[in-house]
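Each chain is listed here by its residues.
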Amino acid sequence: MSGADRPRLVVLLSGRGSNLAALCRAVESGKLPARIAAAVADQPDAAGLARAREAGIDAVLVDRDRHRDRASFESSLAVAIDGFEPRYILLAGFMRVLGERFVERYRGRLLNIHPSLLPRHRGLYTHRRALDAGDAEHGASVHFVTPALDAGPVISQARFDVRPGDTPDALADRLLPLEHVLYPATVALLLRRRVELRDDTVLIDKQALERPLVLGADLGPDGRVLGHGDGG
Ligand code: GRF
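The shown structure was predicted, so the numbers you read here are calculated from the model rather than taken from an experiment. (Residues numbered from 1 in each chain as written. Predicted model: local features only at pLDDT ≥ 70, side-chain atom pairs only at ≥ 80, totals over all residues. Heavy atoms only, no water.)

**Describing the site of the ligand**
Here is the rule: Any residue with a heavy atom positioned within 4 Å of a molecule or strand is treated as near that molecule or strand. Only the protein chains shown count as cover for residues, and all accessible areas are computed by the Shrake-Rupley method using a 1.4 Å probe. Only protein atoms enter the calculation, which uses a 1 Å grid: trapped sets of points that fit a 1.4 Å probe without letting it out are cavities, open sets showing protein on both sides within 12 Å along at least five of seven lines are pockets, and any residue with an atom within 4 Å of a point is a lining residue. For a molecule to be placed in a cavity or pocket, more than half of its atoms must lie within 2 Å of the grid points of that cavity or pocket. Where helices and strands are cited, they refer to DSSP runs of H or I of at least four residues and of E of at least two residues respectively, numbered from the N terminus. Residue type decides the class: Asp, Glu, Lys and Arg count as charged, Ala, Val, Leu, Ile, Met, Phe, Trp, Tyr, Cys and Pro as nonpolar, and the leftover types, Gly among them, as polar.
By nearness alone, every residue bordering the ligand is listed as Arg16, Gly17, Ser18, Asn19, Gly93, Ile113, His114, Pro115 and Glu179. For the ligand, the accessible surface in isolation is 370 Å², of which the surrounding protein chains cover 86%. A majority-of-atoms criterion places the ligand in the largest pocket. The set of elements that each furnish at least two residues to the shell around the ligand consists of helix H1 (18–29) and strand S5 (110–114). Residues of the shell around the ligand, tallied by class, amount to two nonpolar, five polar and two charged.

Laid out in structure tokens, this is it:
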């Protein structure tokens, strides 16, 4: 498959864009058989826009502050996204809550990576909250986006043990490199058409996924499902 024929992805971000960079690396190394068509940011100072340009990817700004309300912002966002005809739209540090109409428009094609083991710790400050709760494990989740914040069905997780003396920064430092493997692996799995969203359930090979696939145990870094004779 030549680069132009590959399924296209659009990444939405608000900040530094390290997950975007990881997705780009996965494409370059052949782990992710896709083309990242564009990065779209909601604010002009998102460092991820510069990262996209450096990687030769279209960098598009849909400035929230230049729209009178959420509905007009989201309709501009949809126009920007649809121009690239993506198969999947990947939220990677996109700091806006998206409305129901927008989310339903892309149902089953809109994914997010969240820095906690969902359903634990939806929303912000997940590392601090995991420590405050005394969690033995922490991690990240990739999920389908549905209208309720961080509540969509979870496809995959990267998990690790919390250690005595851990701080929020220490957890963040250990988690980010795992996110950078988890997101491309999950997207690679989806691109092989084995996983889909049906109603509010993740299906894998047409069967309900009973628990999220765990990176390293169930899901390889190239998106193969481990331990099930997954040759394709
Ligand atoms: C990541 O921790 C991701 O889980 C969360 O936002 C952060 C984005 O980081 N949703 P980056 O902009 O990809 O570096």
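**Let's talk about the nonpolar core**
The cut-off we apply is this: In plain words, nonpolar cores are sets of buried Ala, Val, Leu, Ile, Met, Phe, Trp, Tyr and Cys residues tied together by side-chain atoms within 4.5 Å. To sort residues, take the accessible area from a 1.4 Å probe on protein chains only and compare it with the maximum for the residue type: under 20% means buried, over 50% means exposed, and anything in between is partly exposed.
In this structure, Leu32, Ile36, Leu90 and Tyr183 are the most contacted members of the largest nonpolar core, which totals 48 residues. With 21 residues, the next largest nonpolar core counts Val10, Ala38, Ala80 and Tyr106 among its residues.

**Section: the pattern of salt bridges**
As a reminder of what qualifies: For this document, the term salt bridge refers to a Lys or Arg side-chain nitrogen within 4 Å of an Asp or Glu carboxyl oxygen.
Evaluated as defined, the whole model comprises 16 salt bridges. Notably, a salt bridge pairs glutamate 85 with arginine 8, separated by 3.3 Å at the nearest N-O pair. Placement of the pair is glutamate 85 in the loop between helix H3 (70–82) and strand S4 (88–91) and arginine 8 in strand S1 (residues 8–13), with a sequence separation of 77 residues. Accessibility expressed as a relative area gives 56% for glutamate 85, which makes it exposed. Connected via shared salt-bridge partners are Glu104, Arg107 and Asp200.

**A few points about the side chain of aspartate 42**
Which entries qualify depends on this criterion: For this analysis, a polar contact is any N or O atom pair within 3.5 Å, provided that within protein one partner can donate a hydrogen and the other can accept it, and provided that sequence-adjacent residues contribute only side-chain to side-chain pairs. Contacts were defined at the residue level, with two residues in contact if any of their heavy atoms lie within 4.5 Å.
Tracing the sequence through the fold places aspartate 42 in the loop between strand S2 (35–41) and helix H2 (47–54). Residue classification places aspartate 42 among the buried residues on the basis of a relative accessible area of 1%. Of note is the side chain of aspartate 42, whose polar atom sits 2.9 Å from the side chain of serine 14. A polar atom in the side chain of aspartate 42 sits 2.7 Å from the side chain of arginine 96. Sequence-distant contacts of aspartate 42, that is, excluding residues within four places in its chain, are made with Leu13, Ser14, Leu61, Val62, Asp63, Arg64, Phe73, Phe94 and Arg96.

**What to know about the pairing of strand S7 (residues 154–161)**
For a regular strand, side-chain orientation follows a simple rule: the groups alternate between the two sheet faces. Operational definition: At least two bridges found by DSSP between two strands are what make those strands a pair.
With six of eight residues buried, S7 lies mostly within the body of the structure. Both strand S6 (residues 137–144) and S7 contribute to a ladder of seven bridges, which runs antiparallel. Each bridged residue has a counterpart across the sheet, and for glutamate 137 the counterpart in S7 is aspartate 161. Of the pairings in the sheet, the one linking S7 to strand S11 (residues 213–214) comprises two bridges and is parallel in character. From the neighbouring strand, serine 156 faces S11, where its bridge partner is leucine 213.

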